[in-house]
Structures are given as structure tokens and as C-alpha cells.
Amino acid sequence: MDEKYLFKKTRYEYQLISSFIDPFTGAIISPMFIETPKNDLKEIISEKWERPRWHYFTNNFYISSYICPKCYSLLFKTVFLEDYPIHTTDGIKRIPRIFTCGECFSFHAPEPGYRLADNNGYILEFDDQISYEEFLYELDKYGSTIGRRGTIDNSKY
Ligand SMILES: [Zn+2]
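One structure accompanies this document, and this report is about it. Numbers given to residues run from 1 along each chain, matching the order in which its sequence is written. Selection of residues for local features in this predicted model requires a pLDDT of at least 70, selection of side-chain atom pairs for listing and counting requires 80 or more, and totals for whole chains, interfaces and linings are taken over all residues.

1. Comments concerning the overall build of the protein
In this text, helices come from DSSP runs of H or I with a minimum length of four residues, and strands from runs of E with a minimum of two, each type numbered from the N-terminal end. Per the secondary structure count, the protein includes two helices and eight strands. The burial criterion counts other C-beta atoms lying within 10 Å of a residue's C-beta, which is placed from the backbone; the residue is buried at 20 or more, exposed at 12 or fewer, and partly exposed between these limits. Put simply, the protein has 157 residues, and 25% of those count as buried. Any two residues are considered in contact once their C-beta atoms, placed from the backbone, lie within 7 Å. Sequence-distant contacts in the protein: of pairs separated by 6 or more residues, those separated by 24 or more amount to 57%.

2. Quick word on the pairing of strand S1 (residues 6–9)
Should DSSP find at least two bridges between two strands, the strands are taken to pair. As defined by bridge partners, S1 adjoins strand S4 (residues 74–88) across two bridges and the pair is classed as parallel. Its bridge partner lying in S4, Phe 7 is registered against Thr 88. In the sheet, S1 pairs with strand S7 (residues 122–125) via two bridges, with the strands oriented antiparallel. Within S7, the position partnered with Lys 8 by the bridge is Ile 123.

3. Looking at the environment of Tyr 132
With respect to the helices, strands and loops of the structure, Tyr 132 is situated in helix H2 (residues 129–142). For Tyr 132, a count of 21 C-beta atoms within 10 Å translates into the label buried. For Tyr 132, the residues in contact, after removing those within four places along its chain, are Phe 105 and Phe 126.

4. Description of the nonpolar core
Think of a nonpolar core as buried Ala, Val, Leu, Ile, Met, Phe, Trp, Tyr and Cys residues chained together by C-beta atoms that fall within 7 Å. Counting residues in hydrophobic clusters, the biggest one holds 21 residues, and the most contacted among them are Ile 67, Leu 75, Phe 99 and Ala 109. Elements represented by at least two residues in this core include exactly strand S3 (62–67), S4, strand S5 (91–101), strand S6 (106–109) and S7. For this core, the element with the most residues is S4, which contributes five residues. Dropping the residues within four chain positions of it, Ala 109 is found in contact with Phe 7, Ile 86, Ile 95, Ile 98, Gly 121 and Tyr 122.

5. Quick notes on the pairing of S7
Taking every second residue as pointing to the same face, the buried face of S7 carries Tyr 122 and Leu 124, while none of Ile 123 and Glu 125 on the other face is buried. Of the pairings in the sheet, the one linking S6 to S7 comprises four bridges and is antiparallel in character. Within the sheet, the bridge partner assigned to Ser 106 lies in S7 and is Glu 125.

6. Describing unusual backbone geometry
Of note in this structure, Tyr 72 is not a glycine but carries a positive phi near 70°. Looking at where Tyr 72 falls in the secondary structure, it is placed in the loop between S3 and S4. In the Ramachandran plot, Phe 105 falls in the positive-phi region, its phi being about 60° despite a non-glycine side chain. Tracing the backbone through its elements, the reader meets Phe 105 in the loop between S5 and S6. Residue Phe 105 is classed as buried on the basis of its C-beta count, with 21 C-beta atoms lying within 10 Å.

7. What to know about the environment of Val 79
Positionally, Val 79 belongs in strand S4. Separated by 17 residues in the primary sequence, Val 79 and Tyr 62 have C-alpha atoms spaced 9.5 Å apart.

Any link to function would need more than the numbers given here.
Okay, structure coming up:
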């Protein structure tokens with residue numbers, strides 16, 4: 001654990017990509033946040049979800065079913081072999097998994113025992129890619145792509 005990385009309580013709501021896909025047509029259902037005056041936003045989002053980008057040399061991060069609440073890219077995740085301690089504004093939390101957005105350099109940690117969609121987790125945001133990658137590769141050492149038993153929601157989410 002590195003105290004220079006301080007997670008704050010998240011101010012965002014997290015949503016699964018499936019919330020926005022029509023199960024019958026496969027089309028994106030217009031969620032509230034994409035009903036904006038910018039007409040092409042829906043296409044931008046659609047492209048992001050169909051061709052998610054991950055340009056980092058990690059071994060243990062894989063695509064998740066959650067959408068980044070900041071930039072609407074798909075979040076990637078890793079599952080820790082042992083709960084990983086993070087420094088938060090509420091003290092040390094030991095988390096079983098973490099989500100990240102490589103596009104806007106943010107990390108999203110569910111409160112232990114909860115899902116990301118419970119919207120009570122923590123967020124860490126970086127301004128630049130170099131600092132982001134430093135923490136990303138640190139986490140990658142302890143992560144895995146294997147689901148864990150005995151934690152809530154150890155499946156694809
Ligand atoms: Zn993002």
C-alpha cells in the first residue's frame with residue numbers, strides 16, 4: 001500500500017453496459033446521459049463499446065461490464081489474489097478487486113462487500129498518464145484474471 005495514493009468516496013453512479021443494450025435488437029437504448037444536444041455522442045459511445053481500447057502492458061487486467069462514469073469508456077478490472085489494501089479518506093480498505101479506465105486515468109474500487117453499482121465505493125483520479133501507469137503496473141503485480149470464491153460478485157462483473 002502506498003499512502004501517496006488516496007482514494008476518495010466516489011461521487012459517481014456506476015452502470016453496467018447491459019443496462020443500455022436492447023436485448024432484442026442489440027441497439028443502444030438511449031440512456032439519460034446521452035440525450036444531449038450533441039447528436040453524434042451516441043455514435044461515439046457505441047464505437048467505444050464495440051472497440052474498447054487498452055494500450056497498457058498489463059497481464060492481469062481484463063474488460064469488465066461497467067461503463068466509466070466520467071468518460072463512458074468500458075472499465076477494465078483485476079481481481080486480487082489476496083485483498084489489496086488501499087488508503088482512503090475513510091482509512092485503510094482491503095479490496096478484492098478494482099476497476100480502471102485507461103482513457104481518463106481513473107481507478108474505481110467498490111466498498112468491500114459491495115458491487116460497484118452500489119455507488120458507495122472509492123475513486124482515485126490521475127491527471128497524467130505517467131502517474132496513472134505507475135499505479136496501474138503496481139496493481140497489476142497483485143492482480144489476476146481469475147474470479148475469486150467467497151467474495152460477493154466474483155463473476156464477470
Ligand atoms: Zn474514463
